[in-house]
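A closer look at the structure
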Amino acid sequence: MAAVEDVTVGLPSLQFEAALTQEEKELLYLRGRSHALTASACAQAAFLVAILNDTRQKIIEAKFPIKQKSSKLLQEIPKRDPVLVGIIGCGRLGKQLANTLLKFSDVQPEELFLSSRRPETLSSFQEKGVNCGFDNIKVCSTVHILFLCCLPSQFPTVAKEIRGHLICPVYVLVGVFVFINMCTGMGLQQDEIISLCNTIMFGLGPTDDPQDGISLDDINCDDDTLTISSNMEDKKFFPLFDLGNVIAKQKRLEQRLVDSNKNLRRMFAKRYRAVFDKYATCFWIVRWLEDLVIISAMRKQ
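Quick caveat: nothing in here was measured; it's all calculated off a predicted structure. (Residues numbered from 1 in each chain as written. Predicted model: local features only at pLDDT ≥ 70, side-chain atom pairs only at ≥ 80, totals over all residues. Heavy atoms only, no water.)

1. Quick look at the packing of helix α2 (residues 29-63) against helix α3 (residues 92-104)
Here is the rule we go by: An axis is simply a line fitted to the C-alpha atoms; with a helix, the fit covers only the stretch in contact. Between two such axes, the angle follows the N-to-C directions and lies from 0 to 180 degrees. Helical segments are the DSSP runs of H or I of at least four residues, strand segments are the runs of E of at least two, and each set is numbered from the N terminus. Angle categories: roughly parallel below 35 degrees, roughly antiparallel above 145, roughly perpendicular from 65 to 115, and oblique for all the rest. With the far helix as reference, a near helix turned anticlockwise by less than a right angle produces a left-handed crossing, and one turned clockwise produces a right-handed crossing. Residues count as neighbours in contact if any of their non-hydrogen atoms are within 4.5 Å of one another.
Two numbers describe how α2 lies on α3: the axes approach to 9 Å, and their chain directions differ by 40°. By the criterion of interaxial angle, the relationship of α2 to α3 is oblique. When the axes of α2 and α3 are compared, the crossing they make is right-handed. Facing α2, whose interface residues are Ser34, His35, Thr38, Ala39, Cys42, Ala45, Ala46, Val49 and Ala50, α3 presents Arg92, Leu93, Gln96, Leu97, Thr100, Leu101 and Phe104.

2. Considering unusual backbone geometry
Of note in the backbone geometry, Asp106 takes a positive phi value of approximately 60° without being a glycine. Within the secondary structure layout, Asp106 lies in the loop between α3 and β2 (112-115).

3. Thoughts on the sheet that holds β2
Counted only if it meets this: Pairs of strands are assigned from DSSP output, requiring at least two bridges between the strands.
Spatial strand order, β3-β2-β1-β4: four strands in an open sheet with parallel pairing. Of all the strands in the sheet, the pair left with one neighbour each is β3 (131-133) and β4 (145-148). Across this sheet, the average inter-strand angle for adjacent strands is 15°, counted without regard to direction. Of the pairings in the sheet, the one linking strand β1 (residues 85-88) to β2 comprises four bridges and is parallel in character. Across the sheet, Gly86 pairs through a bridge with Phe113, a residue of β2.

4. Remarks on the pairing of β2
Regular strands show a simple pattern: their side chains alternate between the two faces of the sheet. Here is the rule: Burial classes follow relative accessibility: with a 1.4 Å probe on protein chains only, a residue under 20% of its type's maximum area counts as buried, one over 50% as exposed, and anything between as partly exposed. Here a crossover is taken to be right-handed if, once the strands point away from the viewer, the path from the first strand over the helix to the second is traced clockwise.
Burial of β2 is two-sided: the residues Leu112 and Leu114 facing one way and the residues Phe113 and Ser115 facing the other way are all buried. For the segment spanning β1, α3 and β2, crossover handedness is right-handed. Bridge analysis of β2 against β3 gives three bridges, and the strand direction is parallel. Paired with Ser115 across the two strands is Gly133, which belongs to β3. After leaving β2, the chain enters helix α4 (residues 123-128) and then returns to the sheet as β3, a path that is right-handed.

5. Focus: the packing of aromatic side chains
Any pair of aromatic rings gets described here by the distance separating the centres and the angle formed by the planes. Let me state the cut-off plainly: Working definition: a ring pair exists when centres of Phe, Tyr or Trp rings (six-membered ring for Trp) sit within 6.5 Å. Plane angles under 30 degrees give stacked, over 60 give edge-to-face, the rest tilted.
In the structure shown here, the tally under the stated rule is six aromatic pairs. Centre to centre, the rings of Phe268 and Tyr272 are 6.3 Å apart; their planes meet at 50°, and the pair counts as tilted. One end of the pair is Phe268 and the other is Tyr272, both in helix α11 (residues 263-276) and four residues apart, which spans about a single turn. Accessibility expressed as a relative area gives 23% for Phe268, which makes it partly exposed. Here Tyr272 falls in the buried class, since its relative accessible area comes to 11%.

6. Some words on the layout of surface pockets
Rules: Grid spacing is 1 Å over the protein atoms alone, the probe is 1.4 Å, and a cavity is where that probe fits but cannot get out, while a pocket is an open set with protein on both sides within 12 Å along at least five of seven lines and lining residues have an atom within 4 Å of a point. Grid points are joined across faces, edges and corners, and a volume is the space filled by probe spheres set on the points. Note on residue categories: nonpolar means Ala, Val, Leu, Ile, Met, Phe, Trp, Tyr, Cys or Pro, charged means Asp, Glu, Lys or Arg, and polar means any other residue, Gly included.
Taken as a whole, the second largest pocket spans an internal volume of roughly 610 Å³. Listed by contribution, the elements that provide at least two residues to the lining of the second largest pocket are α2, α3 and α6 (155-162). Its residues assigned to classes, the lining of the second largest pocket comprises twelve nonpolar, eleven polar and five charged.

7. Regarding the nonpolar core
For clarity, the threshold we go by: What we call a nonpolar core is a set of buried Ala, Val, Leu, Ile, Met, Phe, Trp, Tyr and Cys residues that are connected through their side-chain atoms within 4.5 Å.
With 59 residues, the main nonpolar core has Leu101, Leu112 and Phe147 as its most contacted residues. Sort the elements by how many residues they give to this core and α2 lands first, with eleven residues. Apart from the residues within four sequence positions on either side, Leu101 is in contact with Ala45, Ala46, Val49, Val85, Ile87, Asp106, Val107, Leu112 and Phe147.

8. As for α11
Our working rule: For a helix, the expected span equals 1.5 Å multiplied by the residue count minus one.
Taking 1.5 Å per residue, 14 residues should reach 20 Å; α11 reaches 21 Å between its end C-alpha atoms and fits that length. Listed as buried for α11 are Leu264, Met267, Arg271, Tyr272, Val275 and Phe276.

9. Describing the packing of α2 against helix α8 (residues 190-201)
Their axes nearest at 10 Å, the elements α2 and α8 cross at an angle of 125°. With respect to α8, the axis of α2 lies oblique. Relative to α8, the crossing made by α2 is right-handed. Touching Phe47, Leu48, Ile51, Asp54, Thr55, Lys58 and Ile59 of α2 are Leu196, Ile200 and Met201, all from α8. Grouping the constituent residues of the contact of α2 with α8 by class yields seven nonpolar, one polar and two charged.

10. Side note on the side chain of Gln190
Formally: Any pair of nitrogen or oxygen atoms within 3.5 Å is treated as a polar contact; in protein, a donor-acceptor pairing is required on top of that, and neighbouring residues in sequence qualify only through side-chain atoms on both sides.
Along the polypeptide, Gln190 turns up in helix α8. Residue class for Gln190 comes out buried when judged on its relative accessible area of 13%. Of note is the side chain of Gln190, whose polar atom sits 3.2 Å from the backbone oxygen of Phe237. Apart from residues no more than four positions distant in its own chain, Gln190 is found in contact with Leu216, Lys235, Lys236, Phe237 and Phe238.

The following block contains the structure:
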């Protein structure tokens, strides 16, 4: 298929900006900021899903170790326990997120579920083997993690529809606790989860000081308002955390991550970068866009 050309190039009167007033043109920086925020949000989501996929694979390999064969040709293929991902709302943000997850997060097309009011616009994803349609309830009751990419005005309707059908976390920017809830649901104990979190999410390596990683002291399990259920009498397990309350009240771990003098932040940044290293150009574009958001905000303060 021939590349689609922009026929408005060199014709100023047909450009988007031509119809704007001078006052409206002063707001054009918001377009760049919107693109940057979208890229940044997709990068964070891709990192979390990649980490969850990596973790689930490590867990299943530990439960079902592969016997080493004398010949590589006879070697068994590792079992796979992938994260099933759902996206409700497939406008510009939803489609970009879907493409990002397929490219960076080791998500196979059959492991991605999309729900849109206009499923006919998802033909490019259907051709790849992605599950597409308009069934919000089916999506949220099938997947391990759900992303809401609908317009804010549609949130109340979508929330009312899927209430009572959710069996998975809805994505919020508290990836550590999404990670903990998933591992708890898979039957892992506290010490196992902390160890996996340090090595897989934060990239704690053999040459790093173990004290630089997170510990049980960083996860406040004693505050009942942070948990959904804490009826497990066995204290070896974490309770399930309420992600909404965690955002509002859990500050200790957040402070460790934003403190530039702490090694935890350095390790996390290195691990974050590693997810995108094989696509180095894309990673630096994301970094540049994230910097653009910061600079744009500072200029308007």
